[in-house]
Amino acid sequence: MSPKPPNLQYRLEYAGYRLLSLFFSSLPVETASKLGGSLVAWLGPKTKVRHPRLLRNLSQAFPEKTAEEREKLAREVWRNLGFVLGEFFHIDEIIRDRVEIVNGEILEEIAASGKGAVLCGAHQANWEGGSAVVTKYGLKPLAVYRPLNNPFVDEDFKARRLKYYPGGLTAKHDPETPVTMIRYARAGGATAFLVDQQTYMGLKVPFFGRMASTTPFPAMVARQCNLPLVLITGERLPGVRFRMFVKIIDTPRTEDRNEDVHVATAAMQAELEKSIRLHPEQWMWTHDRWY
């Protein structure tokens, strides 16, 4: 018999989450962002696994920096993650008033064509608000997401996000997800992915001077369904404001399908790296991108 889920633990965690939600929601967005940033910038460096991993990643990505410079940068990485925490409970206001789009005409043309697109982003600046703004252009994305371990917190997270993903949210490790995404793309829908995390059994492409296992699925869908492959990157501006950049990634369509997917995937990671280098403190260096 399988063990019962830790229901009490989940409920206690959810109660804490609700208190956090009520607290941050009661504050102006600028205050919530600043407070979240200060809190996580203090707590993050004390973690025993993620902070050493963060420093290791920074050391290998920026060998020219001193240990002191990397430690300072690491603290700012944590601060940005704290900003995102405080801002999450003000996501509606951010999407409504605080995001500007560069090259938004690309999204307008895609929406007008009715043919859909493959939209790709990263854990950069505030990815929750920045990526969701595409609905303003008439797109109805279906997105892949990783369910949280706590089902009660996960349900609240999904409810807050769903209004910005009219196509729905499908779990990353659900075996039906690939088929669902391809069907939606073929029907003219926009599919959305975060492409900056390690993928086991993925394609090995260069990223910050090392080979990184990367999902080939977005490029595969774009090529197979003859859709534009779009990378959306972002930067944080003063005053809890954001600027997003839209760029089409060239997807070859030769007789060698595997090579086409590999080339497009590598091109996307190269563009993403360029964006991260402009504001390295705004990317989530705390995960295992390389191995």
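Residues numbered from 1 in each chain as written. Predicted model: local features only at pLDDT ≥ 70, side-chain atom pairs only at ≥ 80, totals over all residues. Heavy atoms only, no water.

Participant: Now, about the overall build of the protein chain: what can you tell me, with residues and values included?
Facilitator: Looking only at helices and strands, the protein chain has eleven helices and nine strands in total. On C-alpha atoms alone, the protein chain measures out to a radius of gyration of 19 Å, which is about the 19 Å that the 2.2 N^0.38 rule sets for 291 residues. Each of the three principal axes of the protein chain carries a C-alpha extent, and together these read 50 × 50 × 45 Å. Out of the 291 residues belonging to the protein chain, those deemed buried represent 48%. Counting contacts in the protein chain only where the partners sit at least 6 residues apart, residues at least 24 apart contribute 76% of the total. Accessible area of the protein chain: about 14,700 Å², with a carbon and sulfur share of 57%. Between the centroid of the 39 positive side chains of the protein chain and the centroid of its 32 negative side chains there is a distance of 5 Å. (Helix = DSSP H or I, 4+ residues; strand = E, 2+ residues; numbered from the N terminus. Rg over C-alpha atoms; globule rule 2.2 N^0.38 Å. Buried < 20%, exposed > 50% of the residue type's maximum accessible area, 1.4 Å probe, protein only. Contact = heavy atoms within 4.5 Å. Areas by Shrake-Rupley, 256 points an atom, 1.4 Å probe, with all protein chains shown as cover. Lys, Arg positive; Asp, Glu negative; His and termini not counted. Charge placed at Lys NZ, Arg CZ, Asp CG, Glu CD.)

Participant: Can you tell me about the nonpolar core, naming the residues and giving the values?
Facilitator: Core analysis: the biggest nonpolar cluster contains 42 residues, and V118, F207, F208, L229 and W285 have the highest contact counts within it. For this core, the elements supplying multiple residues, two or more each, are α3 (50-61), α4 (67-88), β2 (117-121), α9 (177-186), α10 (217-224), β8 (229-237) and α11 (257-278). A total of six residues in this core trace back to one element, the largest contributor, which is α4. Residues in contact with V118, not counting those within four places in the same chain, are T191, F193, P218, V221, A222, L227, P228, L229 and V230. (Core = buried A, V, L, I, M, F, W, Y, C linked by side-chain atoms within 4.5 Å.)

Participant: Account for the packing of α3 against α4, with residues named and values stated.
Facilitator: Orientation of α3 relative to α4, taken along the N-to-C sense of each, is 125 degrees, at an axis distance of 10 Å. Classified by the interaxial angle, the pair formed by α3 and α4 is oblique. The two elements α3 and α4 cross, and the hand of that crossing is right-handed. Between α3, through R50, H51, L54, L55, L58 and S59, and α4, the contact on the second element is made entirely by R70, E71, L73, A74, V77 and W78. Here the contact of α3 with α4 is built from residues that sort into seven nonpolar, two polar and three charged. (Axes fitted to C-alpha atoms, helices over the stretch in contact; angles between N-to-C directions. Parallel < 35°, antiparallel > 145°, perpendicular 65-115°, else oblique. Left-handed = near helix turned anticlockwise from the far one by under 90°. Nonpolar A, V, L, I, M, F, W, Y, C, P; charged D, E, K, R; others polar.)

Participant: Tell me what's going on with the environment of T47, and back it up with residues and numbers.
Facilitator: On the secondary structure map, T47 appears in the loop between α2 (29-43) and α3. On the basis of relative accessibility, which here comes to 31%, the residue T47 falls in the partly exposed class. Contacts of T47, omitting those with residues within four sequence positions, involve P52 and W78. A distance of 2.7 Å separates a polar atom in the side chain of T47 from the backbone oxygen of G44. Engagement of the side chain of T47 in a polar contact is seen with the backbone nitrogen of H51, the distance being 3.1 Å. (Polar contact = N/O pair within 3.5 Å; in protein donor to acceptor, adjacent residues only side chain to side chain.)

Participant: Can you lay out the pairing of β2 for me, pointing to particular residues and giving the numbers?
Facilitator: When you tally the buried positions in β2, you get five out of five residues, the bulk of the element. Both faces of β2 are covered, namely the face carrying A117, L119 and G121 and the face carrying V118 and C120. Judged from the five bridges that link them, β2 and strand β5 (residues 190-194) form a sheet pairing that is parallel. Paired with G121 across the bridge in β5 is L194. Note that β2 and β8 share three bridges and pair parallel. Opposite C120, over in β8, you have L231 as the bridge partner. (Pairing = 2+ DSSP bridges.)

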